[in-house]
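# Per-entry structural report
Now for the letters of each chain:
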Amino acid sequence: MDGWETRRKRIPGHDWCVLRLGIQGVIRAFDVDVSYFTGDYAPRMSIQAANLEEEKLPEIPERGIRTGAAATPEEFEAIAELKSDDWSYLVPMTELKPGNPASGHNYFLVNSQQRWTHIRLNIFPDGGIARLRVLGTGQKDWTATDPKEHADLVAIAFGGVCVGFSSAKFGHPNNIIGVGGAKSMADGWETARRLDRPPILENDDNGILLVPGCEWAVFRLAHPGVITRIEIDTKYFKGNAPDSCKVDGCVLTTQEEEDMIKQKWILPAHKWKPLLPVTKLSPNQSHLFDSLTLELQDVITHARLTIVPDGGVSRLRLRGFPSSICLLRPREKPMMKFSVGFKANP
């Protein structure tokens, strides 16, 4: 029972906890997991949410990992300033189902386009929860951002997302726009080895491998903008880093993006604008490059990373300045994929 379990309540009320999200964003679904809590899971729960400004938050004492006791009066007094009782309900009071002992997932879709920073999990009246998963997409408040501020426009925490790729044998491309540095190779994007590579490899005059194939991943930026600096990190990929790479950008509307997804990203070559020419990469190393748009000043909405011939990348950062031009309308319905058992793919 590796989770949150409250004491058996003998006073009026119910139990709850307030959580700050790892990143602010739009919530698409919740997974409330009561696995292994076969005789003491919470029978009912609800979830509320709020969008709070960091600078206006009260100073709340760190609870840490202290267990075996209720919150102190000082902690209750500090948290009361958040007025979490009045937060918006994303999931009303609902009965939880225990399921199988090792698989007690309860899934709830959320129909809200609002940005959230905190949630409150209520359990009625007490009991245990093994895991709470909040599934969604990051979303930066660009209206509160200085347009002259340098930002990572592809960051998943701000709303960037991979919308197409050629191969993801050992890791999804979404990993490389993740929060913070990579923790291991598993936290990056790695493709299968291409079977069309020549029996004996040769280089051109610039030291670039002469091979017929490549792998690629396309990303929708969190906000249209001008890319000025590119970081490609191959940390942990010591014997399986790509030989070289290039980065291109383009401008697409939402409809054009949907068409390209259906067409497996067969986009006319003239649509792509070079941001980084074919460039040699080194294993287990961070590479910083100036973008070609320093001179072109071209606004883009999508970027494509191409690696040759195959291999792994741990992180991609596309730093630049957001543009006021926004061709992508907000989606009316959340883009989610559910399989049997409702395993969400955020």
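Residues numbered from 1 in each chain as written. Predicted model: local features only at pLDDT ≥ 70, side-chain atom pairs only at ≥ 80, totals over all residues. Heavy atoms only, no water.

Under an unreviewed UniProt entry, the protein has the name Probable inactive allantoicase and belongs to Macaca nemestrina. What UniProt states about the protein under its Function (unreviewed entry) heading is, verbatim, "The function of this enzyme is unclear as allantoicase activity is not known to exist in mammals." (UniProt positions renumbered as here; feature names shortened; annotations may be inferred.)

A word on the packing of aromatic side chains. In total, this model carries two aromatic pairs according to the counting rule given. Considering the side-chain rings of tryptophan 16 and phenylalanine 76, the 6.2 Å spacing of their centres and the 65° angle between planes classify their relative orientation as edge-to-face. Of the two residues, tryptophan 16 is situated in strand β2 (residues 15-33) and phenylalanine 76 in helix α1 (residues 73-80); the sequence distance between them amounts to 60 residues. The class for tryptophan 16 is partly exposed, based on a relative accessible area of 26%. With a centroid separation of 5.9 Å and 80° between ring planes, the pair formed by tryptophan 142 and phenylalanine 158 is classed as edge-to-face. Taken as a pair, tryptophan 142 in the loop between β8 (131-138) and β9 (151-152) and phenylalanine 158 in the loop between β9 and β10 (161-165) lie far apart in primary sequence, 16 residues in all. With relative accessibility at 24%, the residue phenylalanine 158 sits in the partly exposed group. Sitting over the face of the ring of phenylalanine 158, lysine 140 holds its NZ or CZ atom 4.6 Å from the ring centroid. (Phe/Tyr/Trp six-rings, centres within 6.5 Å; stacked < 30°, edge-to-face > 60°. Helix = DSSP H or I, 4+ residues; strand = E, 2+ residues; numbered from the N terminus. Buried < 20%, exposed > 50% of the residue type's maximum accessible area, 1.4 Å probe, protein only. Lys NZ or Arg CZ within 6 Å of the ring centre and 35° of its normal.)

Attention now goes to helix α2 (residues 254-262). Every buried residue belonging to α2 is among Thr254, Glu257 and Met260, and all of these are buried. For α2, the angular spread of buried residues about the axis comes to 120°, placing them on one side. The first or second residue beyond α2 is lysine 264, which carries a positive phi of 60°. (Arc of directions from axis to C-beta.)

What follows concerns the pattern of salt bridges. Tallying each qualifying case throughout the model produces 16 salt bridges. Aspartate 2 is the salt-bridge partner of arginine 131, the closest N and O atoms lying 2.8 Å from each other. Of the two residues, arginine 131 is situated in strand β8 and aspartate 2 in the segment before β1 (4-5); the sequence distance between them amounts to 129 residues. Accessibility expressed as a relative area gives 32% for arginine 131, which makes it partly exposed. (Salt bridge = Lys/Arg side-chain N within 4 Å of Asp/Glu carboxyl O.)

Partitioning the protein into structural domains gives domain 1 (4-137) and domain 2 (151-325). Using only C-alpha atoms to locate each centre, domain 1 and domain 2 end up separated by 37 Å. (Domains from an automatic or database assignment.)

This part takes up the UniProt feature "domain: Allantoicase" (unreviewed entry) in the protein. Annotation from UniProt places "domain: Allantoicase" (unreviewed entry) at residues 1-137 and 159-321. Annotated as 6% helix and 44% strand, the span residues 1-137 places its first and last C-alpha atoms 29 Å apart.

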